[in-house]
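# Structural overview
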Amino acid sequence: AAGDEDFLSVYKVMWNRIARKTEDLEAYETAVASVRSMPAASVTQGTESIAELVAAAGRVKARFDEQMSSLADTIKGARYRPPEELKKTSRIVEKSFCQGTCSRIFDIVRSMIVVDDMSIAAEALSRLAADSEVEIVRIKDRFIREPTSGGWRDCMINGRFGDSPHVWEVQIVHKELLVARRGLPGHQIYNRVRVA
């Protein structure tokens, strides 16, 4: 609660500004409703070995970065933001311990697509879903249906390439929420409370 308290009011103000554009929001909701995914419980990485998981992530990262960068480049008002490296092994071990398995860690290969408005979020999601090389296995609509306990909102998509079993993550993020997050000590606080 202490970790979330600082953020709720800031994110709420930003979201209320974004949500005023009801047509953009409707376009986004339509895009979310059209995406088919698997039941969340059935999505796994197919391995209980952290070493195998990291090796599979290493094999798919360059292709993932190229695919997501190419997607963002074709959409006016969207930018691709990849981390340079895979998730740190120490954090993978920590998450495995907390979850009791590494087979449900999907953000070793990850990125953000930052969008200027919710109609662009809708377009990015629709194009990703229509990509013949991509299989979306899970979608979490944290913009409208499931914001985090701290009030953060995005659209989190887990997918894989048709010829690779490794599941990756891409978040579609609104630029105004990201600006607000950068101005808060969010990640420092998150790093302290997430394991607790």
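The structure this text deals with has already been given above.
For the structure given in this document, a descriptive report is provided here.

Parameters and conventions
- Residues numbered from 1 in each chain as written.
- Predicted model: local features only at pLDDT ≥ 70, side-chain atom pairs only at ≥ 80, totals over all residues.
- Heavy atoms only, no water.
- Buried < 20%, exposed > 50% of the residue type's maximum accessible area, 1.4 Å probe, protein only.
- Helix = DSSP H or I, 4+ residues; strand = E, 2+ residues; numbered from the N terminus.
- Pairing = 2+ DSSP bridges.
- Axes fitted to C-alpha atoms, helices over the stretch in contact; angles between N-to-C directions.
- Parallel < 35°, antiparallel > 145°, perpendicular 65-115°, else oblique.
- Left-handed = near helix turned anticlockwise from the far one by under 90°.
- Contact = heavy atoms within 4.5 Å.
- Nonpolar A, V, L, I, M, F, W, Y, C, P; charged D, E, K, R; others polar.

## Quick look at the pairing of strand β5 (residues 168-174)
- For β5, a buried count of seven out of seven residues is recorded, marking the element as mostly surrounded by other parts of the structure.
- In β5, alternate side chains face the same way, and those of W168, V170, I172 and H174 on one face and E169, Q171 and V173 on the other are all buried.
- Bridge count for strand β2 (residues 110-115) against β5 is six bridges, and the pairing is parallel. Residue pairing across strands places M112 opposite Q171, the latter belonging to β5.
- Examined bridge by bridge, strand β4 (residues 155-161) and β5 share five bridges and lie antiparallel to one another. Considered in β5, the bridge of C155 is made with I172.
- Connecting β4 to the next strand, β5, in antiparallel fashion are six residues.

## Regarding the packing of helix α2 (residues 22-34) against helix α5 (residues 118-130)
- Contact geometry for α2 and α5: axes closest at 7 Å, N-to-C directions at 20°. Between α2 and α5, the angle falls in the class roughly parallel. In this structure, α2 meets α5 at a crossing whose hand is left-handed. Residues D24, L25, A27, Y28, A31 and V32 of α2 pack against M118, S119, A121, A122, L125 and S126 of α5.
- Tallied by class, residues from the contact of α2 with α5 come to nine nonpolar, two polar and one charged.

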